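Chain by chain, the residues run as shown.
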Amino acid sequence: MSDWDAALLGVRISSNMSENPSHNLTNCQSSGCESTPPSVVSLAIEASGRVGRIAIGRGDQILAVRDLPASRRHNLDLMQTVDEIFTEQGIAKSDLKEVYISTGPGSFTGLRIAITTAKMLAMVLGCKIIEVPTLQVVMNQGVSDDLSEGDCIAACLNLKRDTVYSGIWQQNAEGEMIAVSEPKLRSSDELRDEAGDQLRVVVGEVLPEALKNEDSWTRKQNVKIISGPAALADASHTWLIGRSLSKAGKYIEAKDLQAAYIREPEAVTLWNMNHPPAPGSSRTRK
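Residues numbered from 1 in each chain as written. Predicted model: local features only at pLDDT ≥ 70, side-chain atom pairs only at ≥ 80, totals over all residues. Heavy atoms only, no water.

Chemist: Please set out the sheet that holds strand 2 (residues 41-46) residue by residue, giving values where relevant.
Modeler: Strand order across the open sheet formed by five strands is 4-3-2-5-6, with mixed pairing between neighbours. The open sheet has two free edges, formed respectively by strand 4 (61-67) and strand 6 (128-132), since each of these has just one partner strand. Adjacent strand axes in the sheet meet at a mean angle of 20° when their direction is disregarded. Of the pairings in the sheet, the one linking strand 2 to strand 5 (residues 96-102) comprises five bridges and is parallel in character. Residue pairing in the sheet places Ala44 in a bridge with Tyr100 of strand 5. Lying on the sheet, helix 4 (residues 108-125) is in contact with strand 2, strand 5 and strand 6; it crosses strand 5 at an angle near 160°. (Pairing = 2+ DSSP bridges. Helix = DSSP H or I, 4+ residues; strand = E, 2+ residues; numbered from the N terminus. Axes fitted to C-alpha atoms, helices over the stretch in contact; angles between N-to-C directions. Contact = heavy atoms within 4.5 Å.)

What follows is the structure, given as structure tokens:
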């Protein structure tokens, strides 16, 4: 057991980290705390999808990205991979100052483990935390030099039947991608209608057939479809977004960090189906 494992195990046993539904961000520029140093060591954790990844950076440079082995499904195993990447880079564990955490929507188990780990690091090492919406990570993977002002990217997650949890971003005159729609569940037709003729990229690991097929609408509008492994949320993009938010002082308190879920976990749904509430009761297992 590494020294990180021992420290984190002690925290997990002895502490009671409450879940607070608030997602209020702490803006250091307005609250008087120090801005992030230019050479700060940071860690990004992306565990929202089938493949987990972590990235380590110093200042504005990503130093390394590492896949999480499929067998490492628990908090201490995740920290073993973190320990390995820090050792390889010759960075002291005490130098870690910021954690950028992908908060979903995504895998129930992966998000729970990643968020618990981020909270532990905040408690043990005093790290600051940045929450990064997974949908924005996916969108960022569709950005390219081919886009022009006004062009739109649609990012999609969590296909179920013909609906996807999706958001739409549009490039402004400065080359920045600005959210122009609220993330929500949409059908293929709703997504295309809302994005309109300026839609240029659709990115999502698993997409409805009506979106990913190269039919007349994709050819007419010159829409690029990115799906499969190339559309998996990647820790390098989680790190890039987290670093940008860090510079803006967009930190969140560890106690306020929580995962975003589109639907309740399947296990909860099955439990409720097999254990209906008694007449007159609204009991639901959470």
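Chemist: How would you summarise the side chain of Gln141 if you had to cite specific residues and measurements?
Modeler: Its place among the elements puts Gln141 in the loop between helix 5 (134-140) and strand 7 (152-160). With relative accessibility at 14%, the residue Gln141 sits in the buried group. A polar contact of 2.7 Å, which involves the side chain of Gln141, links it to the backbone nitrogen of Asp234. Contacts of Gln141, omitting those with residues within four sequence positions, involve Ile226, Ala230, Ala231, Leu232, Ala233, Asp234 and His237. (Buried < 20%, exposed > 50% of the residue type's maximum accessible area, 1.4 Å probe, protein only. Polar contact = N/O pair within 3.5 Å; in protein donor to acceptor, adjacent residues only side chain to side chain.)

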